[in-house]
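Spelled out from the first residue to the last, the chains are:
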Amino acid sequence: MHKSIESLVQDAEQSGRPLPQVVLDTEAAETGVPQEAIRARIAKTLQIMRRAIDEGLEGKVRSASGLTGGRSKKLWDNGPNILGERVTKTLARAISTLEVNAAMGLIVAAPTAGAAGVLPAILISVDDFADGGMGEERLVDAMLVAGGVGGVIAQRASLAGAEGGCQAETGTAAAMGAAAVTWLHGGSHEQIQTAVALCLQGMLGLICDPIGGLVEIPCIYRNASAAMQAIAAAEMALAGLDFPVSADEVIDVMGEVGRRMPSAYRETAMGGLAATPSARRLIQIRPTSRPSGASR
């Protein structure tokens, strides 16, 4: 597995292979799994992502705590109001997956369950709005690009909210999505790196403060916000905007911020929104609430 975005890109450029192929070759070599089997597994993952989105958008799933359920359908049905259906549907799709997760349904951790709505919302929406669709094979390739970025972040920083705050979960998911959508739209290697840097720099310091210790509120909304952050980063990178700090350096900063973050802001539900009077009252009247991390 590559330990930096720079080495991942250099490998592609020096070998003349497309970025998804570099990630695929590396995965196959390290795991011993045939490339065809890896692609088939990713295609199945995409199917699960689609089903989770559809299930959430039906508006019928409810979490045991009663905190979540029905919001994605409400947004889908009552929007758009400001920026058009592409934005509204992407937001709704991100929320829908987290609602299914909170209801103990089947989702794909991408890279974690608490950030599972970001990447599906981005990829499925991009596919939905593309003329004729992106095609399943291109989506699989985009997932490989996303996985390559996620693998680097896992090694250089963290993917866990309990270790690095929400920046480590939804921030990583957003960076993965930004890289994937930039690649899907023909972005250069430099633009893909820029998209990752732009995305993560906008999410540095994001705390993990789930109400009641449950991966529900504010998680579902942060997934929606992260999807928008990813698309904004990709849009800016594709337009040629630069960022003076490299993607790898931004990832390193994220890791440093996570290590310095007080424990109250790392999934303990002891600080932030979880410690507000409103949140405490809300949990007190919901005796069925699950313990921290139960939906992961």
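Now for a quick tour of the structure. All residue numbers refer to positions counted from 1 along the written sequence of the respective chain. Residues qualify for local features only when their pLDDT is at least 70, as the model is predicted, and side-chain atom pairs are given and counted only at 80 or more; totals for whole chains, interfaces and linings, by contrast, use all residues. Computation of side-chain values: all heavy atoms of the structure, hydrogens and water removed.

## Some remarks on unusual backbone geometry
Most of the time, phi is negative for any residue but glycine, and the peptide bond is trans.
Stage number 1. Cis geometry is adopted by the peptide bond preceding Pro 111, which originates at Ala 110 and carries an omega value of 5 degrees.
Stage number 2. Each helix is a run of DSSP H or I of at least 4 residues and each strand a run of E of at least 2, with the numbering of both proceeding from the N terminus. Assignment of secondary structure puts Pro 111 in the loop between helix H5 (85-102) and helix H6 (118-129).
Stage number 3. A positive phi is found at Glu 267, a non-glycine position, where the angle reads about 70 degrees.
Stage number 4. Owing to a relative accessible area of 12%, Glu 267 belongs among the buried residues under this scheme.
Stage number 5. The residue Ala 269 is not glycine, and still its phi comes out positive at about 65 degrees.
Stage number 6. Here Ala 269 lies in the loop between helix H12 (247-260) and helix H13 (277-284). Think of it in three bands: with a 1.4 Å probe and only protein chains considered, a residue is buried below 20% of the maximum accessible area for its type, exposed above 50%, and partly exposed in between.

## Description of the side chain of Ser 4
Stage number 1. Positionally, Ser 4 belongs in the segment before helix H1 (5-15).
Stage number 2. Residue Ser 4 is classed as buried on the basis of its relative accessible area of 13%.
Stage number 3. Those residues in contact with Ser 4 that sit more than four places away from it in its chain are Val 152, Arg 156 and Asp 248. Contact definition: two residues touch when any of their heavy atoms are within 4.5 Å.

## Some points on the side chain of Gln 167
Stage number 1. With respect to the helices and strands, Gln 167 occurs in helix H9 (residues 166-184).
Stage number 2. A relative accessible area of 1% places Gln 167 in the buried class.
Stage number 3. Definition of a polar contact: a pair of N or O atoms within 3.5 Å, with one able to donate and the other able to accept a hydrogen when the atoms are protein atoms, and with sequence-neighbouring residues admitted only if both atoms are side-chain atoms. There is a polar contact of 3.0 Å between the side chain of Gln 167 and the backbone oxygen of Gly 164.
Stage number 4. The contacts of Gln 167, once residues within four sequence positions are left out, are Thr 172, Met 203, Leu 204, Gly 205, Leu 206, Met 254, Val 257, Gly 258 and Met 261.

## Description of the pattern of salt bridges
Stage number 1. A side-chain nitrogen of Lys or Arg and a carboxyl oxygen of Asp or Glu constitute a salt bridge if their distance falls within 4 Å. All chains considered together, the criterion is met by 13 salt bridges.
Stage number 2. Notably, a salt bridge pairs Asp 141 with Arg 39, separated by 2.9 Å at the nearest N-O pair. Here Arg 39 lies in helix H3 (residues 35-57) and Asp 141 lies in helix H7 (residues 136-156), a separation of 102 residues in the sequence.

By themselves, these figures tell us nothing about what the structure is for.
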